[in-house]
Each structure stands twice: as C-alpha cells, then as structure tokens.
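Observations on chain architecture
Read off the chains here:
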Amino acid sequence: MGNFIIYMLNILFCGYVLATCLISLVSFDNWEDRTIAITIILGSAQLIATLLNRVLPHKLHILGGIAELIEGPLLVIGAIVCLDVFEPWPIKIIGMFTWIALIFFVPSIISPRR
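In this text the structure is predicted, and so the values were computed from the model without any measurement. Residue numbers here run from 1 along each chain, matching the order of that chain's written sequence. Since the coordinates come from a predicted model, pLDDT governs what is reported: local features require at least 70, and pairs of side-chain atoms require 80 or more to be given and counted, while whole-chain, interface and lining totals use all residues. Derived side-chain values reflect all non-hydrogen atoms in the structure, with water molecules and hydrogen atoms excluded from consideration.

**A few points about the overall build of the protein**
Each helix is a run of DSSP H or I of at least 4 residues and each strand a run of E of at least 2, with the numbering of both proceeding from the N terminus. Along its length, the protein carries four helices and zero strands. When the helices and strands of the protein are placed in sequence order, the string is α-α-α-α. Taken against the 2.2 N^0.38 rule, which gives 13 Å for 114 residues, the C-alpha radius of gyration of the protein at 17 Å runs more than 25% over that of a compact globule. Dimensions of the protein, computed from C-alpha atoms along their principal axes, come out at roughly 55 × 40 × 20 Å. Classification of residues uses two cut-offs on accessible area relative to the type maximum, computed with a 1.4 Å probe and protein chains only: under 20% is buried, over 50% is exposed, and between them is partly exposed. Within the protein, buried positions represent 26% of all 114 residues. A separation threshold of at least 6 residues defines the contact pool for the protein, and within that pool the share at least 24 residues apart is 58%. Computation of the radius of gyration draws on C-alpha atoms alone. For the globule rule, the value is 2.2 Å times the number of residues to the power 0.38. Note on definitions: a residue-residue contact is assigned when non-hydrogen atoms from the two residues lie within 4.5 Å.

Laid out in structure tokens, this is it:
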C-alpha cells in the first residue's frame, strides 16, 4: 500500500510541475521570462522532491514521473506525425515503429532500475 501512495504522490507532483510549466509557457510574452519561470519551477520542484525524499520511505523521481506522464500523448502524436510527414509508405512504417520503440525504451534509459 505504501508504494502505491508514493507512486500516486509522484504522479500528482509531476503533473503539477508539468501543468505549471505549460501555464508559464502560455502566460508569458517573451522567451526570457518563460525561461526564467520554467527554471524557477523546476528548481523549486527539485528542492521539494529532495526535502520529501528525506521524509518519505521511497524516493520521488521527477524526471521519471514526467516521462511517465507524457509517454502516452507522445506515443500517439509521434505516430500521427510519422504517418503525416514521411512520404513513401515503407518509410512511414519504419518511422512509426522506430518512434514506438524509442518511447518505450526512453524510461529505462532515464531510470536504470526499470
């Protein structure tokens, strides 16, 4: 039960970080302000995760949690882009299978424990 609660806390925390980053991308006008806002958000999220890792029995992983959150939409969008961008049919199929393999193996590269 404890692992499930930590997993859900990690997903909620990473969803909050991802949502605030997207909101800051939309709300600011120039790239300097956007870059500063995202840097502050990610820095504070890393600080919060470090402090929570001292208290919780299992560790929170921000990068792995964000990768888990965007894995599904990236899988669908990447397959649609592969079908739309590449022109000959064999290249479309090869590109789509390469994209799917890349999306499934990136979390194991980020977090070697998987």
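Read on for the rest.
**Topic: the packing of helix α1 (residues 2-27) against helix α3 (residues 62-85)**
An axis is simply a line fitted to the C-alpha atoms; with a helix, the fit covers only the stretch in contact. Between two such axes, the angle follows the N-to-C directions and lies from 0 to 180 degrees. Contact pair α1 / α3: the axes reach a minimum separation of 9 Å and the direction vectors enclose 80°. In terms of axis orientation, α1 runs roughly perpendicular to α3. Two secondary-structure elements touch here, α1 through Tyr7, Asn10, Ile11, Phe13, Cys14, Gly15, Val17 and Leu18 and α3 through Ile62, Gly65, Ile66, Glu68, Leu69 and Ile70. Residues belonging to the contact of α1 with α3 are distributed by class as follows: 10 nonpolar, three polar and one charged. Should an angle fall under 35 degrees it is taken as roughly parallel, and over 145 as roughly antiparallel, whereas 65 to 115 is taken as roughly perpendicular and any remaining angle as oblique. Each residue is assigned to one class: nonpolar for Ala, Val, Leu, Ile, Met, Phe, Trp, Tyr, Cys and Pro, charged for Asp, Glu, Lys and Arg, and polar for all the others, Gly among them.

**Side note on the packing of aromatic side chains**
Side-chain rings of Phe, Tyr and Trp (the six-membered ring for Trp) are treated as a pair once their centres are within 6.5 Å; stacked means planes under 30 degrees apart, edge-to-face means over 60, and tilted covers the remaining angles. Inspection of the entire model under this criterion finds zero aromatic pairs. By definition here, charges over rings are those cases where NZ of Lys or CZ of Arg is within 6 Å of the ring centre and within 35 degrees of the ring normal. Across from the ring centre of tryptophan 31, 4.8 Å away, lies the NZ or CZ of arginine 34, which sits over that ring.

**Regarding the confidence of the model for the protein**
Note that predicted coordinates carrying low pLDDT should not be read in detail. A residue's pLDDT is the confidence the predictor assigns to it, expressed on a 0 to 100 scale. A residue-level look at the protein finds 92% of positions with pLDDT of 70 or above and a mean pLDDT of 84. Ranking the elements of the protein by mean pLDDT puts helix α4 (residues 89-110) last, at 81, and helix α2 (residues 31-55) first, at 89.

**Thoughts on the nonpolar core**
Core analysis: the biggest nonpolar cluster contains nine residues, these being Phe13, Cys14, Val17, Cys21, Ile41, Ala45, Ala49, Ile62 and Ile66. Looking at this core, the elements that each hand over two or more residues are α1, α2 and α3. Ranked by the residues each element gives to this core, the list is headed by α1, at four residues. To define a nonpolar core, start from buried Ala, Val, Leu, Ile, Met, Phe, Trp, Tyr and Cys residues and group those joined through side-chain atoms within 4.5 Å.

**Focus: a nonpolar patch on the surface**
Excluding any residue in a salt bridge, patches collect residues exceeding 30% relative accessible area, merging like charges within 9 Å and nonpolar Val, Leu, Ile, Met, Phe, Trp and Tyr side chains within 5 Å. The Shrake-Rupley method, run with a 1.4 Å probe sphere, supplies the accessible areas, and residue values consider only the shown protein chains as cover. By salt bridge we mean one thing: a side-chain nitrogen of Lys or Arg within 4 Å of a carboxyl oxygen of Asp or Glu. A contiguous nonpolar patch, built from Ile77, Val81, Val85, Phe86 and Ile91 and spanning about 430 Å² of accessible area, is present on the exposed surface. When residues of the nonpolar patch are assigned to their parent elements, the largest contribution, three residues, is made by α3. Assignment of secondary structure puts valine 81 in helix α3. Under the relative-accessibility criterion, valine 81 is labelled partly exposed at 42%.

**Digging into α1**
Here a helix's expected span is defined as the number of its residues, less one, multiplied by 1.5 Å. Helix length check: α1 (26 residues) gives 37 Å between terminal C-alpha atoms against 38 Å at 1.5 Å per residue, within 8%. Within α1 the residues assigned to the buried category are Ile6, Asn10, Ile11, Phe13, Cys14, Val17, Thr20, Cys21 and Ser24. Residues of α1 that are buried in the fold lie against α2 and α3.

**Notes on the state of the cysteines**
A pair of sulfur atoms, both from cysteines and within 2.5 Å, is called a disulfide here. By the definition in use, this model includes zero disulfides. Not part of a disulfide, cysteine 14 finds its nearest cysteine sulfur in cysteine 21, a span of 11 Å.

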